[in-house]
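Each chain, written out:
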Amino acid sequence: MPDNKIIEDLGVAYKTEINGYAFYLAAAKIASNNRGKNIFSHLAKEELDHIRVVSAIGDALKIGQGWIGYDEAVKKAVSAGEGAPIFQGKNELVKRLENNPTDINALNIAIENEDKAIAFYTRLLNDAGSPDEKVVLTKLLEMEKGHLKILRWELESLVKTGFWGDTMEFSVEMEKD
């Protein structure tokens, strides 16, 4: 029997990841230079992976298959032909960005959103029952923490120097797909 609470929580995660994906696409469009565009585009790609994973896991849970691994969830979603959500609409994050379309505002909104995602996935991880559930939620949580680290570093660079940062030790530009 599926755990309705975790399925409901994954539904919230799915919607939140879609909002993050739409926001990062919008932020990439307004970013003042290619480095900023690249960072936001990369984060949008990772949010799309999260959408796929959360959707595939939710689907597996609904039909009683239990938790599947992160990589397996990505493979299932890709083999099923899942792409970007078609009708994303303007969410609150995008509207806030449109009201003040600056790099600093985009980074502040992104940081706020990643902080909320970390709190959300931390709660889910603390409530997790099975080892498989804990592994997947830990992976999602660590990815969100990585996003936050990059965003904070870029914000600090912009505030102190007026420029997007150069390559940092842990950098989105240095990651391999």
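Remember, predicted model here, so these are calculated numbers, not experimental data.

Examining helix α2 (residues 34-62)
Item 1. Here α2 spans 42 Å end to end across 29 residues, near enough to the 42 Å set by a 1.5 Å rise per residue.
Item 2. Most of α2 is tucked away, with 22 of its 29 residues classed as buried.
Item 3. The opening residue of α2, the one whose side-chain oxygen lies 3.0 Å from the backbone nitrogen of R35, is N33.
Item 4. Residue G64 follows α2 closely and has a positive phi angle near 80°.

Digging into the confidence of the model for the protein chain
Item 1. Residues at a pLDDT of 70 or more form 87% of the protein chain, whose mean pLDDT is 87.
Item 2. For the protein chain, the element scoring lowest by mean pLDDT is helix α3 (residues 70-79), at 82; helix α5 (residues 103-127) scores highest, at 96.
Item 3. This model gives residues 169-177 a pLDDT under 50, and the stretch forms 16 contacts once residues within four places in sequence are excluded.

Some thoughts on helix α6 (residues 131-161)
Three- or four-residue spacings in an α-helix give side chains the same orientation, since the helix completes a turn every 3.6 residues.
Item 1. For α6, spanning 31 residues, the distance from its first C-alpha to its last is 45 Å, which sits close to the expected 45 Å at 1.5 Å a residue.
Item 2. Residue G162 follows α6 closely and has a positive phi angle near 85°.

Criteria and thresholds
- Think of each chain on its own: its residues are numbered from 1, step by step along the sequence as written.
- Local features in this predicted model are restricted to residues whose pLDDT is 70 or higher, and side-chain atom pairs enter the listing and the counts only when it is 80 or higher, whereas totals over whole chains, interfaces and linings include all residues.
- Water and hydrogen atoms were dropped before computing side-chain values, which therefore reflect all heavy atoms in the structure.
- Where helices and strands are cited, they refer to DSSP runs of H or I of at least four residues and of E of at least two residues respectively, numbered from the N terminus.
- Given the number of residues in a helix, its expected span is that number minus one, multiplied by 1.5 Å.
- Buried means the residue's accessible area, taken with a 1.4 Å probe over protein chains only, is under 20% of the maximum for its type, while exposed means over 50%, and partly exposed covers the values in between.
- N or O atoms closer than or at 3.5 Å make up a polar contact, with two conditions inside protein: a donor-capable atom paired with an acceptor-capable one, and, for residues adjacent in sequence, both atoms drawn from side chains.
- Residue-level confidence of the predictor is what pLDDT reports, using numbers from 0 through 100.
- Whether two residues are in contact is decided by their heavy atoms: any pair within 4.5 Å suffices.

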